[in-house]
Each structure stands twice: as C-alpha cells, then as structure tokens.
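Residues per chain, in single letters:
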Amino acid sequence: KVMKDPNSEGTLEDIDLQNELVTKIYADLNTTISHINSIEVIRRQLLDLKAMLKNSSSKKEFVQMVDKLENQFLEIEKQLIQLKITGTGQDGVRYQKMLVEKLRYLAANVQISDFKPADSYVEVYEILKGRLNSIAQKFEKLKTDDLSNTLDVLRNNKIEMIVTD
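Presented here is an overview of the structure given in this document. Owing to the predicted nature of the structure, the values given are computational and were not obtained by experimental measurement.

**Digging into the overall build of the chain**
Line of reasoning, step 1. Helix and strand counts for the chain stand at 5 helices and 0 strands.
Line of reasoning, step 2. Listing every helix and strand of the chain by position from the N terminus yields α-α-α-α-α.
Line of reasoning, step 3. Over its C-alpha atoms the chain spans a radius of gyration of 21 Å, topping by over 25% the 15 Å that the globule rule assigns to 165 residues.
Line of reasoning, step 4. In terms of overall dimensions, the chain has C-alpha extents of about 75 × 35 × 25 Å along its principal axes.
Line of reasoning, step 5. Relative to its 165 residues, the chain shows a buried fraction of 35%.

**A few points about the packing of aromatic side chains**
The geometry of an aromatic ring pair is captured by the separation of the ring centres together with the interplanar angle, meaning the angle of the planes.
Line of reasoning, step 1. By the definition in use, this model includes 1 aromatic pair.
Line of reasoning, step 2. Taken together, a centroid distance of 6.2 Å and an interplanar angle of 80° make the contact between phenylalanine 73 and phenylalanine 139 edge-to-face. Pair noted here: phenylalanine 73 is in helix 2 (residues 60-80) and phenylalanine 139 is in helix 5 (residues 119-156), with a separation of 66 residues, a long-range link.
Line of reasoning, step 3. Classification of phenylalanine 73 by relative accessible area gives buried; the value is 0%.
Line of reasoning, step 4. The class of phenylalanine 139 is buried, set by a relative accessible area of 1%.

**Observations concerning unusual backbone geometry**
Line of reasoning, step 1. Positive phi outside glycine occurs at lysine 158, with the angle close to 65°.
Line of reasoning, step 2. Among the secondary structure elements, lysine 158 is positioned in the segment after helix 5.

Cut-offs applied
Residues numbered from 1 in each chain as written. Predicted model: local features only at pLDDT ≥ 70, side-chain atom pairs only at ≥ 80, totals over all residues. Heavy atoms only, no water. Helix = DSSP H or I, 4+ residues; strand = E, 2+ residues; numbered from the N terminus. Rg over C-alpha atoms; globule rule 2.2 N^0.38 Å. Buried < 20%, exposed > 50% of the residue type's maximum accessible area, 1.4 Å probe, protein only. Phe/Tyr/Trp six-rings, centres within 6.5 Å; stacked < 30°, edge-to-face > 60°.

Here is the structure:
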C-alpha cells in the first residue's frame, strides 16, 4: 500500500499517477535491457562464427554475410545503449544518452516528489515508448528475417551453430 507523506502537498491521486508512470517506465526499461541481452548473445555467437569461418576453408562470402549481420545487430544495440561509456572520466557528458539511459533518467525524475507527473514527463515517456516500439520491431524483423535467412544459407552449406534464445 502506498502511503502519503503527511508533510507532502501531493494527493494520493497524484502519487497513484506518479506510481503508474514509473511502473510503465520500469517495464519498458526491463524490455529494453532484455533486448540488449538478446542482441549481445546473438552478436557473441556471430563473432565466434566469423572467427571460425575465417580459420576454416569456408568461402569468404560466408564471413562477409555473418559480418554484415553482426553489424546490423550492433546498429540496433547502439540505439538502445551507449556502448562507448567506460565508467571513467567524462563519458557521461561526452557521449549521447541512448534509450536505456533516457528511460532510467526519466524514471529517476518522475519519482522525485509526491506530485502528479508533469505533462512534459508523460510526453517524453510517450516519445521514448514509441522509439522502443520502433527499435523492437526492427530487432524482431532482423531476427526473424535476416538471421533466419543467414542461418538457412549456413545450414545448406553444412555450417550450424547460432542459438537465438
């Protein structure tokens, strides 16, 4: 049960609205992180496959096909999370925040006080939600179309080793 701070000027309705928005943001943040984890698993396997193909008598076109696919997954991942962050120095101001950082920042700001979320927070959430949906569609299409097609070509040539889930 959510209880109101007796010293706060916010109402229970305001707190409920705030909690509702924060819950949506965290659900989207979890979805985003799930996509990132899936992409990283797939990319690692593609990188290993590429190294294996380079060290075998496989055709160069297979190496290029796997490399292209890995780069497509990387481009989607770059939209979800800033990969240049090292945790040291001025990374936070040098590199653009991506979707996961923006959702985390929004959630932190929405839950600062006991008031109804500002209209601008709701608008920003809707924009970020739209971006997440768009990126998720691209990710699913890449998995179901391009990855599947690449796996078929590799299987037809007796090369099989990518696991997607």
